[in-house]
Amino acid sequence: MHELLAVEGKLYPSSSKTHITYQFHIPTPLPSLQIDFQYAPKKSEDKSGSRRLIEQSIEQYVHPSMQAAYMDKWEQYMPLQNLLTISVDDPSEFRGSAHRHPEKQSYLLATSSASPGFIPGAILEGIWRITISVHCVVTPDCNYLLRVTEGEQHL
Amino acid sequence: MKWHPFELHTHTPHSDGTHTLLEMCKQAKELGLSGIALTDHNTVSGLIDSDEVTKETGVAIIPGMEWTTFYGHMLTLGAPYCEWRDLGPADIGKGIERVHQKGGIVGIAHPYSMGSPICTGCHWEYEITDWNQIDYIEVWHETMPSLRNHNAQAFRLWTDLLNQGFRIAATAGRDWHRSDNDKNLAAYTYLGIEDSEPLSALSVVDAISRGRLCISMGPLLLFKILSDQRAYGIGEVIGRTGEERKRALTINVSLQQANIPERQWIATEAHSVIIESNQGELCRGPLSGEDFQFSETIEADNLLWVRARLYGLQEGLLATLAFTNPIYLESH
């Protein structure tokens, strides 16, 4: 299986609300593209740190007259989780995204079909981009792995 | 004009929903919905099945997307994918322009939901410099919407904007992720569409843009204002000269029961109609007669907008059961 891109990286809470885009070249049209993505940890185990973040959120997002009632029930928002999602752009247009929670994900894009979230179409030669949208990192750090390979089968 | 019940905020496994488009539309049909808008998070790939699903279920599917960004969630209808990943918290105007240029409309989803890290980007934090760009606000979110705290704030935001003279539509959205037997009921967004028009992205976008909407837990609440021998319906604008502005207006409200068994509260339980405006409440009273009518003549100056609200018992709780979008007034 020919590897087109393999990267790993480390994120911190300050990485929240950033995008990381990897750009790579496909020299000749392919039957399909395989994308494997994973990150860890998923959930925060730090109870007191989580409580602090939840209380900050309540102060920021809940109407002042209601905050006390929400503070009493802060634990309903546990556990806090990291959320990273990926999206794909081919040389000319957007090819879909996977906005969902699992921390280990595998996708296949091909001419006549694609994994849910992605748009089927030719895997053309040219510059492709995969974007990791870092919606939220709540753990002290978070490691991700992204690997793109030439898919073996036609779907 | 025909009024079609729609569900305007839905997800499938193409983002984080668990029901397929077919499963959802089958349940939509059972709920009596004429159509749904597919608004998966950040993708439009789910639309690939829409023709087939509409053929099988008869439920119209309107293309949409929920921009699931870091600073807010924004619903789009009637536009293809438009880019959002390059926008900062002060750039939403640029993003909205992209959707409008493609013929679509935008709505703020659940503006007062909890934000990050509890629900990433769910609380609206974009800076809006021109509210005229916003086509609609999802003021009723999730099931049992009139009982939810975050919707009270959204409803107030919408009302404040109407008071400032903006003409923005209000919608309901179940944010539908799974087809289960949830006892908690969702609201319908009824859209007023001309009899001759098919249910399409074009006619749905047009109905929302023109403010022809009624949001309801079941029955269809409609009203008209009679002014100078003409009847004006929801979403319309009554233009009056300085002199005419002082003349009394007659308001006629009607209610049609939903034909869904569990949605027929009005047949048995207490209810009343409240007519409200930028001048506050104008009048209220019971619906009477077999065809549930309410009529009142009002004398009020400086009216910018008027809407009807149905208030009554819902599962034993006193709450708003339905409200219309406004009829607007302007003087020239």
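This is a predicted model, so every value here is computed, not measured. (Residues numbered from 1 in each chain as written. Chains lettered and ligands numbered in written order. Predicted model: local features only at pLDDT ≥ 70, side-chain atom pairs only at ≥ 80, totals over all residues. Heavy atoms only, no water.)

Take the overall build of chain A next. Regarding its fold elements, chain A presents two helices and eight strands. From first element to last, N terminus to C terminus, chain A shows the α and β order β-β-β-α-α-β-β-β-β-β. The C-alpha atoms of chain A give a radius of gyration of 19 Å, which is well past the 15 Å a tight globule of 155 residues would have. Sorting the 155 residues of chain A into buried and exposed places 48% on the buried side. Considering only contacts within chain A whose residues lie at least 6 apart along the sequence, 76% involve residues at least 24 apart. Across chain A, the 13 positively charged side chains and the 17 negatively charged ones have centroids separated by 6 Å. (Helix = DSSP H or I, 4+ residues; strand = E, 2+ residues; numbered from the N terminus. Rg over C-alpha atoms; globule rule 2.2 N^0.38 Å. Buried < 20%, exposed > 50% of the residue type's maximum accessible area, 1.4 Å probe, protein only. Contact = heavy atoms within 4.5 Å. Lys, Arg positive; Asp, Glu negative; His and termini not counted. Charge placed at Lys NZ, Arg CZ, Asp CG, Glu CD.)

In this section: the domain arrangement of chain A. Each assigned domain of chain A is listed here: domain 1 (3–43 + 81–150) and domain 2 (47–77). On a C-alpha basis, the centroid separation for the pair domain 1 of chain A and domain 2 of chain A is 33 Å. (Domains from an automatic or database assignment.)

What follows concerns the packing of aromatic side chains. For any pair of aromatic rings, the description consists of the separation of the ring centres together with the inter-plane angle of the planes. Residues and elements named next belong to chain B. Using the criterion set out here, one finds twelve aromatic pairs over all chains in the structure. When the ring centre of Tyr 232 is taken as origin, the NZ or CZ atom of Arg 230, which lies over that ring, is 4.1 Å away. For Arg 263, the ring lying beneath its charged end belongs to Tyr 188, and the centroid distance is 4.6 Å. (Phe/Tyr/Trp six-rings, centres within 6.5 Å; stacked < 30°, edge-to-face > 60°. Lys NZ or Arg CZ within 6 Å of the ring centre and 35° of its normal.)

We now examine the layout of surface pockets. Residues and elements named next belong to chain B. Space inside the largest pocket adds up to approximately 1,200 Å³. Ile 118, Cys 119, Cys 122, Glu 142 and Asp 175 are the residues nearest the centre of the largest pocket, which is lined by 41 residues in total. Contributions of two or more residues to the lining of the largest pocket are made by strand E3 (60–68) and helix H4 (149–163). Counting residues per element, the lining of the largest pocket draws most heavily on H4, which supplies three residues. Of the residues assigned to the lining of the largest pocket, the class counts are 14 nonpolar, 17 polar and ten charged. The volume enclosed by the second largest pocket comes to roughly 290 Å³. Contributing to the lining of the second largest pocket are 15 residues, with Met 1, Trp 3, Lys 224, Gly 233 and Ile 234 lying nearest its centre. Of all the secondary-structure elements, those providing two or more residues to the lining of the second largest pocket are strand E10 (220–227) and strand E13 (249–256). A per-class count over the lining of the second largest pocket returns six nonpolar, five polar and four charged. (1 Å grid on protein atoms, 1.4 Å probe; cavity = no way out; pocket = protein on both sides within 12 Å on 5 of 7 lines; lining within 4 Å. Points joined across faces, edges and corners; volume = space filled by probe spheres on them. Nonpolar A, V, L, I, M, F, W, Y, C, P; charged D, E, K, R; others polar.)

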